[in-house]
Amino acid sequence: MKKNICWLLVGASLLVSGCASELEDLLACAKVAWKGFHKVADERTERFQGKVQEDTARCRGSEKAVALRGNPWIAWQNYWATGDTATKGPESFWRFKHLNPNGRGVDGALLDLEYQRLELIKFNLFDNSGTYKDYVLGREGIDGAALRLWSEMRLPKEHPQFKAVGGDEKQLCQGELVRFRTLSGICNDLRNPLMGSSGQLFARNVQFEATFPDLGKNDLARNRHGDRLGLLKPDPQVISRKLFTRGQTEPDKCRDGQGLPGYSAEAECDYKKAPFFNVLAAFWIQFMTHDWFSHLEEGRNSSEMTSVGCAAQMINGVEKPLSPDEIAKLGCRPADRMDKSFIAEDSEPQTFSHKGKTYLTRSYKTTRNTVTAWWDASQLYGYNETSRRRVKRDPKDPAKLLLVSIGQRAGAGEGLGYLPLFESADPINPQWASQEATAFPDNWTIGMSFYHNVFAREHNLFVDEFRKRSTAKPGDDSGLRNPARPDAVIRYKEVSADELFEAARLVVSAEIAKIHTIEWTPQLLYDEPLYLGMNSNWHGLLRGHPLVEAALEKIVVNKFGKSTDAKKAGQWYSVFAVGPGIFGLGSRVYSDDAIFAKYDPKKTNIWSLKNPDHVNGGINHFGSPFNFPEEFVTVYRLHPLVPDLIEYREWNKDSNVIRNKIPVVETFRGRATQAMRERGLANWALSMGRQRLGLLSLQNHPRFLQNLELPRLRTATGKIDVAALDIIRDRDRGVPRFNEFRRQYGLKQLTSFDDYVDQRLLKDSPERKEQERLVKILREIYGQHKCDASKFITAAQMNNDGTSINDCLGHPNGSVVDNIEDVDTVVGWLAEFHRPHGFAISETQFQVFILNASRRLFSDRFFTSSFRPEFYTHLGVEWVTNNGPDGEMKEKQRSNGREVEVSPLKRVLLRAIPELKPELDHVVNAFDPWARDRGKYYSLEWKARRGAEPDTAFRREKP
């Protein structure tokens, strides 16, 4: 039957199409359909690697996709319609969009992305807390990848809530521990109360044996790197100064990021710009990481100090000490020192055997996440008792955060107030004095001041709306319930200030997660496949089709979610969850079995707060307890995003005029708070909203970060090179070097530094020549060696012919090869010049996102089965679902060919800073530069929208 359908498809195409190339493409499609779906790998060495067969490439992207199959980069970026208008295919006779070239291209990309997610879930979960042996071996007849309960996730006896969850007996969170997000993050998973809480060990996404390569703990690491690696080898400050420093055409106008006196608008610091992403987006990710992870304890590492380099460099393959003249030329500082990282465990890990292989039970060293791993807005609300003491609530209405008036500045939002300052009695470090009072005050910048104030206003606006409804209808059901009395209706007038405060936290946390998922990330990865992919993570691909959506949700939660089979609990769960989406998964429980019968959720939804299986039912950890891995931390080293100078504008004057150029370094710590109070949220929003951020690329780090004053260190220089420190921290925490990192994540390896050059560029183009220049510097820093084909270097992948990968990487034995294996991971992805259209990050970083962006939603019950009025209130569910209290709103203009909702951050800004409405009326995505014309289909052009033509950012653009 399948064969007949395939050849019928080909015959029809021959009759109605006169285009030879399309006939060839359709024939390839028929062959692909005949072969069926690609099998998910059984072993990690058989992984998909983002590459496809020739027929698949031709079906989805015609000759272009076929021609680029030989490079190491993912295939889907070459499919039809995965870029801008120029990537769209020819007109087709197919009316069904999924069969025409553009539909085949985008659908093919989504399919490739799902294959990558499936294999990442299958091969890249490595928990450090002691559960990994069970993950490999299974337990009591349950496949390891289907396990849902771990003794290591029990609360220990010394925990204050030990007895409340059951003590030495079977532990189950209940009562007040179930109602809201707890301060320390316990009891998100009712049966694994310790999971994701503050102080838990960071996980890994790579095999434990691949971590800490500089220790040379196994033959593969020694064969891969020889004796070439160390904490300061190659020298991190030399790497920073040669590969990270921004070049300046007019250095006197930049002054290493200090700008000109009086914040003159004539200042100029060159940087490579991303035309489709703004400075608000750069600071947004700092705001996020403060919530997700931290290695520090109250802003400090250990008391032991260590060098950060500026001692040696490679010359003709030999490492030699830097001379004083060379140090002066580079501008690095040998006397810089930094406090060492905290290490939780560094004893030899235990081992176990399975099917003839020996496994480590954890990585060679471990570190702790000192904040909660949940998306719980802990940077605003706290993650332990000390941080919560820094959060100030309004004494007049304790459901609110305390906000205070600042002067008489114009603007409707000014009446909403600003966060108060820390007081002397608050538990803070001296460097945090004069900052706004908030739970996570470390590394304070103008961007942190902005977002903390905006979401404090949003919290209070939710409380105001709730109070408004309570006044209008005090006896109505608020939706809230108490697990101690689950059947008792809690009316609006009965909701306490503490209950409302915690409900508001749930709402704000979910809003932030939604903004990141469907607004920030689709602008970071600005193309059609990722727009659809990220929206499917949240809403599902079947949004607007409630019957099918409900049927799939039932299958996912009730069938695959409860399975003891690894394939069903993992692969099939992930695939089918794409339909209804992850958010809200399991928040409805269906009583009937008539999956495709006429469906009425009001009659069949039997979800009950009394039933822990309902409260907890939507989560899936895929056999491994959730926490962020160290590899996730490293891909968020995004300092090139930040410009040296902020182009300051004022909302109530001509927005097209840049009035000042304010050095970012002048808006750190207490000076950020001062700048916010002097100039106001609206002006900073406009300024950062209109300005482009920096490209994640080599030689594009802010100069001020290489010379950052850090008085708390009390060193001879009082400064630190943050770019060099990024490299040291990755090495210190055992992140594999770039090539092995890619292999571990299921991507193709590079075989020389020349592979970084984008082969799609014309050979004589300036862009290609610049890439070739940077590749020469890579070779100069990391060097070359004579390869030995007898040395096998990885267990993560095999060559295409099934042989083991060796030191020569396909080059002849004994030849001189690039030390591509030694490249630091952060250096490697900054050197990835070949990227999918609209990607502000590299494909290597993106691979880490595919896995972890999904997991942090799948694992969190407040985003799945506990997204309900019993926790959020009726208003809270409405607020998160519709992006506010006023119902769903649509943009007047279409975006990339479709009708879109008014985005969640835009709605937040319109509420918190209403004076920006005239400016925001033109904005579709709040992270796209506000004055840019978005074009018709994923344009990256830097072109002014109508009304912004006089903007000096467009008129003064350098060629």
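Refer to the structure above for everything that follows.
Predicted model, so just to flag it, every value in this text is computed and none were measured. Throughout, residues of each chain are indexed from 1 in the direction in which the sequence is written. Given that the model is predicted, a residue must reach a pLDDT of at least 70 before its local features are reported, and side-chain atom pairs must reach 80 or more before they are shown or counted; all residues, however, enter totals for whole chains, interfaces and linings. Here the side-chain values reflect all heavy atoms present in the structure, with hydrogen atoms and water set aside.

Draft legend 1. Structural view of the overall build of the protein chain. To qualify as a helix, a DSSP run of H or I must reach at least 4 residues; to qualify as a strand, a run of E must reach at least 2; elements of each kind are numbered from the N terminus. From N to C terminus, the protein chain includes 33 helices and 16 strands. To get the radius of gyration, use the C-alpha atoms; to get the globule rule, take the number of residues to the power 0.38 and multiply by 2.2 Å. Against the 2.2 N^0.38 benchmark of 30 Å for 959 residues, the protein chain shows a C-alpha radius of gyration of 28 Å, consistent with a compact globule. Considering only C-alpha atoms, the protein chain reaches an extent of 80 × 75 × 65 Å along its principal axes. A buried classification covers 63% of the 959 residues belonging to the protein chain. A sequence separation of at least 24 residues applies to 73% of the contacts in the protein chain between residues at least 6 apart. Carbon and sulfur atoms make up 52% of the accessible area of the protein chain, which amounts to about 36900 Å² in all. Charged side chains in the protein chain number 135 positive and 126 negative. The centres of these two groups are separated by 2 Å. In this scheme, a residue with accessible area under 20% of its type's maximum is buried, one over 50% is exposed, and one in between is partly exposed, where area comes from a 1.4 Å probe on protein chains only. Contacts: residue pairs with any heavy atoms within 4.5 Å of one another. Accessible areas in this description were obtained via Shrake-Rupley with a 1.4 Å probe; residue shielding takes into account the shown protein chains only. Positive charges are assigned to Lys and Arg, negative charges to Asp and Glu, while His and the chain termini are left out of the count. A charge is said to be at NZ when it belongs to Lys, at CZ for Arg, at CG for Asp and at CD for Glu.

Draft legend 2. Just the pattern of salt bridges, in detail. Every case where a carboxyl oxygen of Asp or Glu lies within 4 Å of a side-chain nitrogen of Lys or Arg is listed as a salt bridge. Inspection of the entire model under this criterion finds 70 salt bridges. A salt bridge links Lys 39 to Asp 42; its shortest N-O distance comes to 2.6 Å. Residue class for Asp 42 comes out partly exposed when judged on its relative accessible area of 42%. For Asp 860, the salt bridge identified is with Arg 181, shortest N-O distance 3.1 Å.

Draft legend 3. Broad picture of the pairing of strand β4 (residues 312–315). Bridge count between β4 and strand β5 (residues 318–321): 4 bridges; the pairing is antiparallel. For Met 314, the partnering residue across the bridge sits in β5 and is Glu 319. Strands qualify as paired when DSSP identifies two bridges or more between them. Connecting β4 to the antiparallel partner β5 that follows it, the hairpin turn spans 2 residues, and Asn 316 within it adopts a positive phi of roughly 50 degrees.

Draft legend 4. A look at the state of the cysteines. Two cysteine sulfur atoms make up a disulfide if the distance between them is within 2.5 Å. Summed over all chains, the structure comprises 5 disulfides. Disulfide partner of Cys 310: Cys 332, at an S-S distance of 2.0 Å. The sign of the 60 degrees torsion about the S-S bond sets the Cys 310-Cys 332 disulfide as right-handed. Separated by 22 residues along the polypeptide, Cys 310 in the loop between β3 (305–307) and β4 and Cys 332 in the loop between α11 (324–330) and β6 (337–339) bring together distant segments of the chain. Cys 332 matches Cys 310 in its accessibility class, with the two residues each being buried. Sequence-ordered numbering of the bonded cysteines in the protein chain gives a disulfide pattern of 1-2, 3-4, 5-6, 7-8, 9-10.

Draft legend 5. Spotlight on the environment of Val 657. Residue placement: Val 657 occurs in the loop between β10 (645–648) and β11 (660–663). Note on Val 657: relative accessible area 29%, which makes it partly exposed. Once residues lying within four places of it in the same chain are set aside, the contact partners of Val 657 are Tyr 648 and Arg 649.

Draft legend 6. Spotlight on the pairing of strand β2 (residues 273–278). Most of β2 is tucked away: 5 of the 6 residues are buried. Judged from the 2 bridges that link them, β2 and strand β12 (residues 692–694) form a sheet pairing that is antiparallel. Looking at the pairing, Lys 273 lines up with Gly 694 of β12.

Draft legend 7. Focus on the packing of aromatic side chains. Pairing of aromatic rings covers Phe, Tyr and the six-membered ring of Trp, with a centre-to-centre limit of 6.5 Å; geometry is then stacked below 30 degrees between planes, edge-to-face above 60, and tilted otherwise. Evaluation of the coordinates by the stated rule reveals 53 aromatic pairs. Consider the rings of Trp 292 and Phe 293, whose centres lie 6.5 Å apart with planes at 45 degrees: the pair is tilted. A relative accessible area of 10% means that Phe 293 is categorised as buried. On the numbers, 5.1 Å between centres and 85 degrees between planes, the contact of Phe 622 with Phe 858 is edge-to-face. You can see Phe 622 sitting in the loop between α20 (612–615) and α21 (630–634) and its partner Phe 858 sitting in helix α29 (residues 843–858), a full 236 residues away along the chain. In this structure, Phe 622 and Phe 858 share a single accessibility class: buried. In this analysis the charged atom, NZ for Lys or CZ for Arg, is taken to sit over a ring once it is within 6 Å of the ring centre and within 35 degrees of the ring normal. The lysine or arginine in question, Arg 393, covers the ring of Phe 501, its NZ or CZ lying 4.0 Å from the ring centre. Directly above the aromatic system of Tyr 648 lies the positively charged group of Arg 679, at a separation of 4.5 Å from the ring centroid.

Draft legend 8. Highlighting helix α23 (residues 681–690). Of all 10 residues that make up α23, 10 are buried, and the element is covered over most of its length. For α23, every residue scored as buried is listed here: Leu 681, Ala 682, Asn 683, Trp 684, Ala 685, Leu 686, Ser 687, Met 688, Gly 689 and Arg 690.

Draft legend 9. Summary view of unusual backbone geometry. The linkage connecting Lys 233 with the following residue, Pro 234, adopts the cis geometry, with an omega of -10 degrees. Tracing the sequence through the fold places Pro 234 in the loop between α7 (219–225) and α8 (236–244). Positive phi outside glycine occurs at Asn 443, with the angle close to 50 degrees. Within the secondary structure layout, Asn 443 lies in the loop between α13 (385–388) and α14 (446–472). Phi angles above zero are rare outside glycine, and Arg 714 is one such case at about 55 degrees. Here Arg 714 is to be found in the loop between β13 (708–709) and β14 (719–720). The exposure class of Arg 714 is exposed, given its relative accessible area of 78%.

Draft legend 10. Seen up close, the side chain of Gln 379. Position of Gln 379 relative to the elements: it lies in helix α12 (residues 378–381). For Gln 379, a relative accessible area of 0% puts it in the buried group. In terms of polar contacts, Gln 379 uses its side chain to reach the backbone carbonyl oxygen of Phe 287, at 2.9 Å. Beyond its immediate chain neighbours, meaning those up to four positions away, Gln 379 contacts Phe 287, Met 288, His 290, Asp 291, Thr 438, Ala 439, Phe 440 and His 452. For this analysis, a polar contact is any N or O atom pair within 3.5 Å, provided that within protein one partner can donate a hydrogen and the other can accept it, and provided that sequence-adjacent residues contribute only side-chain to side-chain pairs.

Draft legend 11. Here's a closer look at the environment of Val 880. Looking at where Val 880 falls in the secondary structure, it is placed in helix α30 (residues 869–882). Val 880 gets classed as buried once you look at its relative accessible area, which sits at 2%. Separated by 371 residues in sequence, Val 880 and Ser 509 have C-alpha atoms that sit 9.6 Å apart. In this structure, Val 880 is in contact with Val 507, Ala 510, Lys 514, Phe 583, Phe 867 and Tyr 872, ignoring residues within four places of it in sequence.

Draft legend 12. Structural detail: the packing of α14 against helix α15 (residues 497–524). Only C-alpha atoms enter the line fits that serve as axes; for helices the fit covers just the stretch in contact. Angles between N-to-C directions range over 0 to 180 degrees. One way to put it is that α14 packs onto α15 with a least axis distance of 9 Å and a crossing angle of 125 degrees. With respect to α15, the axis of α14 lies oblique. Once α14 is placed against α15, the crossing between them reads as right-handed. Side by side, α14 and α15 meet where Phe 455, Glu 458, His 459, Phe 462, Val 463, Phe 466 and Arg 467 of the first sit next to Ala 497, Leu 500, Phe 501, Ala 503, Ala 504, Arg 505, Val 507, Val 508, Glu 511, Ile 512 and Ile 515 of the second. Here the contact of α14 with α15 is built from residues that sort into 13 nonpolar, 1 polar and 4 charged. Oblique is the label for any angle not under 35 degrees, not over 145, and not in the 65 to 115 range, which are roughly parallel, roughly antiparallel and roughly perpendicular in turn. Should the near helix be turned anticlockwise from the far one by less than a right angle, the crossing is termed left-handed; should it be turned clockwise, right-handed. Classification convention: Asp, Glu, Lys, Arg as charged; Ala, Val, Leu, Ile, Met, Phe, Trp, Tyr, Cys, Pro as nonpolar; all other residues, Gly among them, as polar.

Draft legend 13. Looking closely at the nonpolar core. Joining through side-chain atoms within 4.5 Å is the link that ties buried Ala, Val, Leu, Ile, Met, Phe, Trp, Tyr and Cys residues into a set, and such a set is a nonpolar core. Membership of the largest hydrophobic core comes to 219 residues, with the highest contact counts inside it found for Phe 450, Phe 455, Tyr 756, Val 827 and Tyr 872. When residues in this core are grouped by element, the largest group, 14 residues, is from α15. Excluding residues that lie within four positions of it along the chain, Phe 450 makes contacts with Leu 280, Met 676, Leu 681, Ala 685, Met 688, Leu 909 and Ile 913.

Draft legend 14. Spatial organisation of the packing of α8 against helix α25 (residues 722–732). Direction vectors running N to C along α8 and α25 enclose 130 degrees, while the axes themselves pass 8 Å from each other. Accordingly, the angle class assigned to the pair α8 and α25 is oblique. Both α8 and α25 take part in a crossing whose hand is right-handed. Between α8, through Pro 236, Gln 237, Ile 239, Ser 240 and Phe 244, and α25, the contact on the second element is made entirely by Ala 723, Ala 724, Ile 727, Ile 728 and Arg 731. Residue composition of the contact of α8 with α25, by class: 7 nonpolar, 2 polar and 1 charged.

Draft legend 15. The side chain of Asp 339, seen in detail. Note that Asp 339 resides in strand β6. What makes Asp 339 buried here is its relative accessible area of 4%. At a separation of 2.9 Å, a polar atom in the side chain of Asp 339 contacts the side chain of Arg 712. Not counting residues within four places of it along the chain, the set of residues in contact with Asp 339 comprises Arg 300, Asn 301, Ser 302, Glu 304, Met 305, Arg 712, Leu 713 and Arg 729.

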